[in-house]
Amino acid sequence: DKKVVLITGCSSGIGLSLAVRLASDPDKRFKVYATMRNLAKKERLLECVKGLHKDTLDILQMDVTDRQSILYARDRVVEKRVDILVCNAGVGLMGPLEVQSLDSMRRILEVNLLGTIQTIQAFLSDMKAQGQGRILVTGSTGGLHGLPFNEMYCASKFAIEGACESLAVLLQHFNIHVSLIECGPVNTDFLVNLQKVELEDATLQQVDAQTISFYEKYLQHCSSVFQNAAQDTEDIVKVFLDAIQSPSPAFRYFTTSVVPPLTKLKMTEPDGSQYISAMSKIIFSAEDQ
Ligand code: NAD
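Conventions adopted
- Residues numbered from 1 in each chain as written.
- Predicted model: local features only at pLDDT ≥ 70, side-chain atom pairs only at ≥ 80, totals over all residues.
- Heavy atoms only, no water.
- Salt bridge = Lys/Arg side-chain N within 4 Å of Asp/Glu carboxyl O.
- Buried < 20%, exposed > 50% of the residue type's maximum accessible area, 1.4 Å probe, protein only.
- Helix = DSSP H or I, 4+ residues; strand = E, 2+ residues; numbered from the N terminus.

A. Structural context of the pattern of salt bridges. Counted according to the given criterion, the structure contains 11 salt bridges. One salt bridge in this structure joins arginine 29 and aspartate 25, with 2.8 Å as the shortest N-O distance. A relative accessible area of 30% means that arginine 29 is categorised as partly exposed. Between aspartate 75 and arginine 74 there is a salt bridge whose closest N-O contact spans 3.3 Å. A residue is classified by how much of its surface remains accessible, and aspartate 75, at 39% relative accessible area, is partly exposed. Salt bridges sharing common partners tie together Glu161, Glu165, Glu182 and Arg252.

B. Local environment of unusual backbone geometry. The residue lysine 28 is not glycine, and still its phi comes out positive at about 50°. Of note, lysine 28 is situated in the loop between α1 (13-23) and β2 (30-36). On the basis of relative accessible area, lysine 28 is assigned to the partly exposed category, the value being 30%. Although it is not a glycine, lysine 80 adopts a positive phi angle of roughly 60°. Mapped onto the elements of the fold, lysine 80 is located in the loop between α3 (67-75) and β4 (84-87).

Next comes the structure, spelled out in structure tokens:
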């Protein structure tokens with residue numbers, strides 16, 4: 001029997017690549033429900049899976065901020081069960097905190113945090129009743145350590161860590177495994193889709209010159225990190241596959257072979273001061289910027 005997989009946020013990026021890989025599995029081990037907020041964006045996914053058999057892929061509308069749409073998609077699953085739920089949909093928000101509107105802050109929590117949680121909620125009872133299941137969540141190193149000018153993004157991703165870790169403690173008793181796939185920078189539409197305060201934005205006039213100069217440095221750092229160190233979605237998909245294929249999956253997977261040094265520093269030096277100065281040095285005092 002095929003494993004039934006439902007993935008959120010499949011119109012681009014990691015979600016799209018994962019859907020394509022699983023739907024085109026050479027052994028046809030998966031039936032994939034690739035969901036996306038806006039079905040008008042399904043062309044890209046369809047392009048990528050061209051020529052595939054229809055029996056491994058279905059595309060459904062699902063906006064993770066809309067409970068009705070989650071339940072509607074859930075009820076379209078022909079097999080009436082989901083073996084592997086992948087909560088992947090997410091957005092970014094970047095800029096000095098003093099110019100972020102309450103609306104944009106709410107929005108990021110609604111998509112990244114509540115969106116993930118209410119998606120899990122919708123499938124939880126059935127998974128418990130089945131006595132088995134996998135919940136995979138696209139995590140971020142921004143959920144493990146703070147990043148300047150990403151306060152709300154990190155807050156949303158830290159919150160997911162707490163929610164998932166809490167769930168994992170209980171769900172192991174139901175044979176349901178929760179795993180976070182912790183990604184560093186990945187080449188996707190994330191940077192295009194994120195809400196970013198541009199240096200030319202009029203709102204920045206309210207911000208002090210020193211913060212703006214730090215923000216400029218941060219933006220340079222960010223673009224150089226994405227240019228030089230970003231992983232491809234295929235690399236991330238491999239890690240998802242590891243987690244999916246493991247008989248006893250770990251709670252946390254890192255998408256690079258080693259735990260990133262800064263993440264380690266945060267864990268080994270719990271008083272936090274070393275992490276804070278190391279991160280500041282990396283972002284704000286590089287000579288070549
Ligand atoms: P992406 O922008 O290409 O993909 C995000 C997807 O989420 C998009 O398809 C978008 O339409 C969808 N989405 C947004 N709001 C939604 C909603 N309300 N309902 C349903 N779908 C919605 O970027 P990506 O990099 O593929 O992002 C996927 C996940 O990976 C996100 O959770 C992101 O936070 C996380 N992540 C990305 C990076 C990176 O550098 N790209 C790093 C760490 C973690």
